[in-house]
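Read off the chains here:
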Amino acid sequence: MGNTGSKENVISEEALNEYVELTYLNKNEIRQIYKRLDDLEPGILKQNLHYRFSVEQINKILPQIHCNPFCDVIYRVFSSKQDGHLSFEDTLDLILQEIDLSDAGNIAPQEFIQLLSKMPDFAHTFQFKIN
């Protein structure tokens, strides 16, 4: 999946359409995530869309995760290779489940509940009631 267009940090229309279909994120949200990651290592996603970013890099673009008391669990769950790194696709999955893309600075309770439901280890490790 290569890039098209004159901009260096633009994901190809073909890849964009695939991610829209797979993630239910809209094109603008996917472009925004792509740009944030591309800004960390300019041009790297154009060369390798499956490049794996370090947790430290992801923390720079998603400080909400770093401040989350479950950040280690979140990164472990969403790292597809369990290597402490996240690919563009891993980041899309993470954002789909947890992050407010409007940068409002918070996660709605429903978003948090949905995130927890996607973490099978969480249910076995922690128990609490949601009223």
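Up top is the structure.
What counts, and where the lines are drawn
- Sequence order sets the numbering: in each chain, residues are counted from 1 along the sequence as written.
- Predicted model: local features are reported for residues with pLDDT of at least 70 only, side-chain atom pairs are reported and counted for 80 or more only, and whole-chain, interface and lining totals are derived from all residues.
- Note: side-chain values were computed over all heavy atoms of the structure, leaving out hydrogens and water.
- Numbering of helices and strands runs from the N terminus; a helix is a DSSP stretch of H or I covering at least four residues, while a strand is a stretch of E covering at least two.
- Burial classes: relative accessible area under 20% of the type maximum marks a residue as buried, over 50% as exposed, and values in between as partly exposed (1.4 Å probe, protein chains only).
- Residues are treated as being in contact if the distance between any of their heavy atoms lies within 4.5 Å.
- Accessible areas in this description were obtained via Shrake-Rupley with a 1.4 Å probe; residue shielding takes into account the shown protein chains only.
- By convention a nonpolar core is built from buried Ala, Val, Leu, Ile, Met, Phe, Trp, Tyr and Cys residues, the set being connected through side-chain atoms within 4.5 Å.
- Relevant arc is that of directions from the helix axis to the C-beta atoms, nothing else.

**A few points about the overall build of the protein**
Link 1 in the chain: Each helix and strand in the protein was counted, giving 9 helices and 2 strands.
Link 2 in the chain: Reading the protein from its N end, one meets helices and strands in the order α-α-α-β-α-α-α-β-α-α-α.
Link 3 in the chain: For the protein, buried positions account for 39% of its 131 residues.
Link 4 in the chain: Of the contacts formed within the protein by residues at least 6 apart in sequence, a portion of 52% connects residues at least 24 apart.
Link 5 in the chain: Total accessible area on the protein is roughly 7,900 Å²; 51% of this is exposed by carbon and sulfur atoms.

**Focus on the nonpolar core**
Link 1 in the chain: The biggest cluster of nonpolar side chains holds 28 residues, and the ones touching the most others in it are Y19, L37, L45, Y75, F88 and L94.
Link 2 in the chain: Listing elements by their share of this core, those giving two or more residues are helix 1 (13-23), helix 2 (27-40), helix 3 (44-47), helix 4 (55-61), helix 6 (71-78) and helix 7 (88-98).
Link 3 in the chain: Look past the residues within four positions of Y75 in its chain and what remains in contact with it is V55, I58, N59, I65, L86 and L94.

**Some thoughts on helix 1**
Link 1 in the chain: Three or more residues of helix 1 are buried, namely A15, L16, Y19 and T23. Mapping the buried residues of helix 1 onto a view down its axis gives an arc of 100°, with all of them on the same face. Away from the buried face of helix 1 by more than 90 degrees, exposed residues E14 and E21 are located.
Link 2 in the chain: Of the residues trailing helix 1, Y24 is marked for its positive phi of about 70°.

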